Amino acid sequence: MPTLIPQPSQANFHETVFNLLPTAEIVLNTTESEVFNIAALLAAALRPATRFELPIRAGKASQAGDIALMLEGNDPQLGAEGYTLEISPEKATLRAPTAAGLFYATQTLRQLFPIAIDCKDEQPNQTWQIACGQVRDQPNYAWRGMMLDVARHFFGVDALKHLIDLLAYHKINTLHLHLTDDQGWRIMIESWPWLALHGGSTATNGDPGGYYTQADYRAIVAYAQERYITVVPEIDMPGHTNAALASYDELNENGLAPNLYTGIKVGFSSLAIHKAITYQFIEDVVREIAALTPGKYLHIGGDETHSTSETDYITFIERIQEIVTKTGKQMIGWEEIGKTHLKPGTVAQFWWNRKVITQATDQGNSIIMSPANKAYMDIKYHEMTTLGLAWTKSYTEIKDAYEWDPASLIDGLPAESILGIESALWTETIFTQGNLDFMAFPRLCGYAEIGWTPPEKRNWDEYRGRLAKHGQRLQKMGIQFYHSSQIDWE
Ligand code: IFG
């Protein structure tokens, strides 16, 4: 039986098989370029191990042995991201009312092949059989996200593309980039160049800094968009702003820029709430970031503002909300923004304080669930994990990361206010690709399932068996994941 992560909402498979042969073609019932791109990504994923040509034929009738991508129908139950997949001995037929649904059908198809399919080098004596059967699938939540903190430590364009490939493979559709913090400003703002040039020049522990040029950032956004992932940029303010304050004297209350900061304390910095130039700075930054963001959300942070008074915080956030919405974007902030008056489209992101997040849902606003003691991937797996932090006073093993439900985690929280789930990898202690892979995988597989699969189909004892096999795929992909003793790895 095939093992799929995330688990589809309906799937059944039989003993008979479909063989992918060297003569196979990928045929499309449309010449739409978006569907052609999906087919090209599928072919690119299947070619390395099979060395099959897999030509893409747009608008051609499918024949025996083909993979057919059919953009058709408008089944409301499948919604914006659902799909069906029909595997017979003759043909693999993927159907969806939207391109996004077809894309997710191809991710499921990839997981039906033997694990050797994910090898980068040719597997000459491997046959490419997949079980015949039917899948009918659609996501439980619309918001299935991961946040990467690129401020504490910088991760370049290639690292992000590697991560985006893996997010897409697990049907995650949002990448929140925490672009600025005390330790680093990671995106070039052309009207304030020293933010990146100076504020982006170092990182935690004095490790190398770095920043994205606007061309780099556009490349990341485009690469993500091709894989049906929306990038949500975060400019954290008014706290977590030492890198900005260090870059421009005039941004500081006393007119003096502090030194760059390479430690891991939080809560010590604040923008100058009552200086006019602060709002010129924010207008310019928000304008440039909005111009780089095809998605509808801009995240403005708002967390841990221990150096900003409560009244100043409220005034500031309400003013920022005006600046953001004037660009046509909607604002996201960490849970603390619940203390302020929120516009209807503003979203609050739960991470720790259940009372504060309720102040957002009490206003009728939507939220994203990122509980630090369940979904923060920088929290240690156990007391011996060298990487990561443990401030939550609990550890997050694979089972802890999987066995919870966003809709019932907080008593009294209206389930309909939850847009979805987002795991977060803060990088105070995460520096290399290996560190990132180790802390993110395999916990991210569980979060992908919590975001996609309905709770009644999520069960730890069944999941751990699937994850044991899925680990072989992660291995083939070269991911240095954590081999938890809770899983009987194959
Ligand atoms: N909380 C801080 C992060 C980071 C995190 C590490 C939020 C919203 C602890 N803020 O989580 O900057 O330091 O686990």
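Structure report, in brief. Each residue is numbered by its place in its chain's sequence as written, counting from 1. With pLDDT at 70 or above as the cut-off, local features in this predicted model cover only qualifying residues; side-chain atom pairs require 80 or more to be listed or tallied, and sums for whole chains, interfaces and linings still use all residues. Side-chain numbers here rest on the full set of heavy atoms in the structure, without hydrogens or water.

Structural notes on the overall build of the protein
Rule in force here: Under the scheme used here, helices are H or I runs from DSSP no shorter than 4 residues and strands are E runs no shorter than 2 residues, and both carry numbers assigned from the N terminus. This radius of gyration counts C-alpha atoms alone. The globule rule is 2.2 Å times how many residues there are, raised to the power 0.38. Three exposure classes are used, based on accessible area relative to the maximum for each residue type with a 1.4 Å probe and protein chains only: buried under 20%, partly exposed in between, and exposed over 50%. Contacts were defined at the residue level, with two residues in contact if any of their heavy atoms lie within 4.5 Å. We get accessible surface area from the Shrake-Rupley algorithm with a probe of 1.4 Å; when it comes to residues, only the shown protein chains can shield them. His residues and chain termini do not enter the charge count, which takes Lys and Arg as positive and Asp and Glu as negative. By convention, charge coordinates are those of NZ in Lys, CZ in Arg, CG in Asp, or CD in Glu.
For the protein, the helix and strand inventory stands at 14 helices and 17 strands. The C-alpha atoms of the protein give 23 Å as radius of gyration, which agrees with the globular expectation for 490 residues (23 Å, within 12%). Its C-alpha atoms give the protein principal-axis dimensions of about 75 × 45 × 45 Å. A buried classification covers 60% of the 490 residues belonging to the protein. The long-range share in the protein, meaning contacts at least 24 apart out of those at least 6 apart in sequence, stands at 73%. Of the roughly 18100 Å² of accessible surface on the protein, a fraction of 51% belongs to carbon and sulfur atoms. Seen as two clouds, the 39 positive and the 58 negative side-chain charges of the protein have centres 3 Å apart.

Concerning the sheet that holds strand β5 (residues 83–87)
Spelled out, the test is: When DSSP finds two or more bridges between two strands, those strands count as paired. Angles here are taken between N-to-C directions and fall from 0 to 180 degrees, while the axes themselves are lines fitted to C-alpha atoms, restricted in helices to the stretch in contact.
Within the open sheet, the seven strands sit side by side as β1-β7-β5-β6-β4-β2-β3. Their pairing is mixed. Among the strands making up the open sheet, the edge pair consists of β1 (10–20) and β3 (56–58). Across the sheet, the axes of successive neighbouring strands diverge by a mean angle of 20 degrees, strand direction being ignored. Here helix α2 (residues 99–112) sits on the sheet in contact with β1, β4 (67–71), β5, β6 (92–96) and β7 (128–137), set at roughly 40 degrees to β5.

So, the side chain of Ser9
In this fold, Ser9 is placed in the segment before β1. In this structure, Ser9 is in contact with Arg136, Asp137, Gln138, Pro454 and Lys457, ignoring residues within four places of it in sequence.

What to know about empty space enclosed by the protein
Heads up, the condition is: In this analysis a 1.4 Å probe is tested at points of a 1 Å grid over the protein atoms alone, and where it fits but cannot get out there is a cavity; an open set with protein on both sides within 12 Å along at least five of seven lines is a pocket; lining residues have an atom within 4 Å of a point. Grid points are joined across faces, edges and corners, and a volume is the space filled by probe spheres set on the points. Each residue receives one of three labels: charged for Asp, Glu, Lys and Arg, nonpolar for Ala, Val, Leu, Ile, Met, Phe, Trp, Tyr, Cys and Pro, and polar for the others, Gly being one of them.
If you walk through the whole model with that rule in mind, you get two cavities of 30 Å³ or more. The space that makes up the largest cavity amounts to roughly 50 Å³. Around the largest cavity sit Pro233, Ile235, Met237, Val286, Ile289, Leu298, His299, Ile300 and Val324, which together line it. Those elements that provide at least two residues to the lining of the largest cavity are α7 (276–291) and β13 (297–299). In terms of lining residues, the second largest cavity is bounded by Arg144, Gly145, Ile172, Ile421, Glu422, Ser423, Tyr447 and Ala448. Elements with a contribution of two residues or more to the lining of the second largest cavity: β8 (143–149), β17 (418–425) and α13 (443–452). In terms of residue count, the dominant contributor to the lining of the second largest cavity is β17 (three residues). When the residues that make up the lining of the second largest cavity are grouped by side-chain class, the tally is four nonpolar, two polar and two charged.

Some details on the pattern of salt bridges
What counts, and what does not: Criterion for a salt bridge: a side-chain nitrogen of Lys or Arg within 4 Å of a carboxyl oxygen of Asp or Glu.
For the structure shown, the criterion picks out 22 salt bridges. The closest approach of N and O atoms between Arg110 and Asp118, which form a salt bridge, is 3.8 Å. As far as burial versus exposure is concerned, Arg110 and Asp118 are alike and both buried. When salt bridges with common partners are traced through the structure, they connect Asp149, Arg152, Asp181 and Glu428 into a single cluster.

Quick look at the environment of Tyr217
Checked against the element boundaries, Tyr217 lands in helix α5 (residues 214–226). Spatially, the C-alpha atom of Tyr217 lies 24 Å from that of Tyr261, the residues being 44 residues apart in sequence. Residues contacting Tyr217, with those up to four places away along its chain left out, are Leu177, Leu179, Ile187, Tyr212, Val231, Pro233 and Leu292.

Thoughts on the site of the ligand
Put simply, the rule is: It suffices for a single heavy atom of a residue to lie within 4 Å of a molecule or strand for the residue to be listed as near it. For this analysis, a polar contact is any N or O atom pair within 3.5 Å, provided that within protein one partner can donate a hydrogen and the other can accept it, and provided that sequence-adjacent residues contribute only side-chain to side-chain pairs.
The environment of the ligand is made up of 13 residues, and the closest members are Arg152, Tyr376, Asp378, Trp391 and Glu428. At 2.8 Å, a side-chain N or O of Arg152 approaches an oxygen atom of the ligand. In this structure, Glu428 approaches the ligand through a side-chain N or O atom, which is 2.6 Å from an oxygen atom. Its residues assigned to classes, the shell around the ligand comprises seven nonpolar, one polar and five charged.

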